[in-house]
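# Structural overview
Chain residues, written in single-letter form:
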Amino acid sequence: MCDNLKTIAKVRSGELSICCQCHIYHLEFNNIYLEFNENEFEQFKNYILNIEMAYWEEKYAYAKVKRKIPIPSLQKNLVLMFKREEINELKTLVANALNKTKLPWLKIDDIDYSLILN
């Protein structure tokens, strides 16, 4: 793993970083960690930005799984499944990668913290 990472984008469920030396993208999202070179990241970004969420939600409407939107992997027995909200967060991450110079400000709703007043 690289030690010279620059954060490109952040959302509640994860962040996208790039190594300043080897130019590998690091995507941490919920319990998933992915590494991409520049070409792989472009392909992933295009797939995420153009995914037909309504199609997949309708196709798996009667399935017992909560997450109905698949993202296939090169490993033929591995498919990552997501909810609409998670795909929207992924879209935010990869879309913000286009503007590498400025990170978006966090909103109050983006902070997942339980405040307990004693």
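Now for a look at the structure at hand. Predicted model only: the values in this text are computed from it and were never measured. Position numbers for residues count from 1 along each chain, tracking the sequence in the order it is written. Owing to the predicted nature of the model, reporting of local features is limited to residues with pLDDT of at least 70; listing and counting of side-chain atom pairs is limited to 80 or more, with chain, interface and lining totals taken over all residues. Excluding hydrogens and water, the side-chain values take into account all heavy atoms of the structure.

### Considering the layout of surface pockets
Gaps left between atoms are located by rolling a probe of water-molecule size over the structure's atoms. The test is simple: The method works on a 1 Å grid over the protein atoms by themselves. A cavity is a set of points holding a 1.4 Å probe that cannot get out, a pocket is an open set with protein on both sides within 12 Å along at least five of seven lines, and residues with an atom within 4 Å of a point line them. Grid points are joined across faces, edges and corners, and a volume is the space filled by probe spheres set on the points. Here a helix means four or more residues in a row that DSSP labels H or I, a strand means two or more in a row labelled E, and each is numbered from the N terminus. Under the scheme applied here, ten amino acids are nonpolar (Ala, Val, Leu, Ile, Met, Phe, Trp, Tyr, Cys and Pro), four are charged (Asp, Glu, Lys and Arg), and all others, including Gly, are polar.
Here the largest pocket is characterised by a volume of approximately 440 Å³. Phe36, Phe44, Pro72, Ser73 and Leu74 are the residues nearest the centre of the largest pocket, which is lined by 13 residues in total. Only β4 (32–36), α1 (38–49) and β5 (69–72) provide two or more residues apiece to the lining of the largest pocket. When residues of the lining of the largest pocket are assigned to their parent elements, the largest contribution, 4 residues, is made by α1. Looking at the lining of the largest pocket residue by residue, the classes come out as 9 nonpolar, 2 polar and 2 charged.

### Quick word on a nonpolar patch on the surface
So the rule is basically this: Every patch collects residues that have over 30% relative accessible area and no salt bridge, joining them within 9 Å if they carry like charges and within 5 Å if they are nonpolar side chains (Val, Leu, Ile, Met, Phe, Trp, Tyr). Residue-level accessible areas treat just the shown protein chains as cover; the underlying method is Shrake-Rupley with a 1.4 Å probe. The rule for a salt bridge is simple: a side-chain nitrogen of Lys or Arg has to be within 4 Å of a carboxyl oxygen of Asp or Glu.
Taken together, the side chains of Tyr113, Leu115 and Leu117 present a nonpolar region at the surface, about 440 Å² in accessible area. Secondary-structure assignment places Leu115 in the segment after α3 (84–96).

### Remarks on the pairing of β5
The following threshold applies: Pairing between strands is defined by DSSP: at least two bridges between them are needed.
When β5 meets strand β6 (residues 79–82), the two strands line up antiparallel, connected through 4 bridges. Across the sheet, the residue bridging to Pro72 is Val79, located in β6. Between β5 and β6, which pair antiparallel in sequence order, lie 6 residues.

### Remarks on the packing of aromatic side chains
Any aromatic ring pair is given by two values, namely how distant the centres are and how the planes are angled relative to each other. Here is the rule: Pairing of aromatic rings covers Phe, Tyr and Trp, the last through its six-membered ring, and needs centres within 6.5 Å; plane angles under 30 degrees mean stacked, over 60 mean edge-to-face, and all others mean tilted. Between buried and exposed lies partly exposed: a residue is buried under 20% and exposed over 50% of the maximum accessible area for its type, with that area taken using a 1.4 Å probe on protein chains only.
Under the counting rule described, the total for this entry stands at 6 aromatic pairs. With a centroid separation of 6.2 Å and an interplanar angle of 55°, the aromatic rings of Phe29 and Phe82 are classed as tilted. A residue pair is termed long-range when its members are at least 10 positions apart, and Phe29 in strand β3 (residues 25–29) and Phe82 in strand β6 qualify at 53 residues. A relative accessible area of 2% means that Phe29 is categorised as buried. We classify Phe82 as buried; its relative accessible area is 4%. Three or more aromatic residues link up through ring pairs in this structure, and these residues are Tyr25, Phe36, Phe41 and Phe44.

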